[in-house]
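Working through the structure, step by step
Here is what each chain is made of, one letter per residue.
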Amino acid sequence: MKEISTGIINTTNIESKFLFSKKLENISMITDDQGQKLGFHRTDSGSQVIFTKDSEGVDVAVEHCIDGTKVFHLSQDSKGLPAMHEFKADGTEIMYLLNSSTKLEKTIENKSNGDKISTWYNADEIVSQEQRQNGGIIFKLAAFYGEALVWLHTDGSVEASGDESAIAQIQELFARHLDGALLV
């Protein structure tokens, strides 16, 4: 999880996928009978992109990737911030929530087996909560001062490993889940 050379994590690859943060050239435009404009573009990687607006006038780009993945790029989500919603060919969904500067703040990954991983990206730490269909909830933290993992099993028992201050930070962040749990 931790990348020594770039700090905690390098989110540039994810952020660079966001189409509305790029200047795109060679977009073919058409207008239908109702005045709806559609734009078409092919990326360098071979993906086909359709640009349009939703019913509320928000710019939307639907990217059809070669591997079967579809990515919806939203200039604004329900909170008015940019976002991407990726549907992978294996059934996994990933929502990328960006801030107003198109920097990654959070991802929510729903796997095809029902597991859900929420990850928060801060300047000095990454925190994740993995809710498993089988096995409980795993909380992780990676920071410059250390890494830790706390596993809340379905029977209520808890295991913890890693840096003690990182474990304490997890306990504080997820107190609602870990209230009263004795860490082993």
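Presented here is a report on the structure given in the accompanying data block. Since this is a predicted model, take the numbers as computed values, not measurements.

For threonine 11, the position within the fold is in the segment before helix H1 (12-16). By relative accessible area, which is 13% here, threonine 11 ends up buried. For threonine 11, the contacting residues outside a window of four places in its chain are Leu104 and Tyr121.

In terms of strand pairing, strand E1 (residues 28-31) meets strand E2 (residues 37-42) through four bridges, oriented antiparallel. Bridge pairing links isoleucine 30 to leucine 38 in E2. Counting the residues in the hairpin turn of E1 and E2 gives five residues, including glycine 35, whose phi is positive at 90 degrees.

Here we take up the side chain of aspartate 115. Among the secondary structure elements, aspartate 115 is positioned in the loop between strand E8 (104-110) and strand E9 (116-121). No salt bridge is formed by the buried aspartate 115, whose closest oppositely charged neighbour, arginine 132, lies at an N-O distance of 5.0 Å. Of note is the side chain of aspartate 115, whose polar atom sits 2.8 Å from the backbone nitrogen of glutamine 133. Apart from the residues within four sequence positions on either side, aspartate 115 is in contact with Glu109, Asn110, Glu130, Gln131, Arg132 and Gln133.

With that settled, the discussion passes to unusual backbone geometry. Residues other than glycine seldom take positive phi values, yet asparagine 26 does so here, at roughly 60 degrees. Positive phi, normally seen in glycine, also occurs at threonine 102, with a value near 55 degrees. In this fold, threonine 102 is placed in the loop between strand E7 (93-98) and E8.

Conventions used here
- Residue positions are given per chain, counted from 1 along the sequence in the order it is written.
- Given that the model is predicted, a residue must reach a pLDDT of at least 70 before its local features are reported, and side-chain atom pairs must reach 80 or more before they are shown or counted; all residues, however, enter totals for whole chains, interfaces and linings.
- As a rule here, side-chain values come from all non-hydrogen atoms in the structure, and water together with hydrogens is ignored.
- The numbering of helices and of strands both runs from the N terminus, where a helix is a DSSP run of H or I of at least 4 residues and a strand a run of E of at least 2.
- Accessibility here uses a 1.4 Å probe with only protein chains present; expressed as a share of the type maximum, an area under 20% marks a residue as buried, one over 50% as exposed, and anything in between as partly exposed.
- Only heavy atoms matter for contacts: two residues are in contact if any of them lie within 4.5 Å across the pair.
- When DSSP finds two or more bridges between two strands, those strands count as paired.
- Neither His nor the chain termini are counted; the positive set is Lys and Arg, and the negative set is Asp and Glu.
- We count a salt bridge whenever a side-chain nitrogen from Lys or Arg sits within 4 Å of a carboxyl oxygen from Asp or Glu.
- Residues adjacent in sequence count toward polar contacts only when both atoms are side-chain atoms; beyond that, a polar contact is any pair of N or O atoms within 3.5 Å, and within protein one must be able to donate a hydrogen and the other to accept it.

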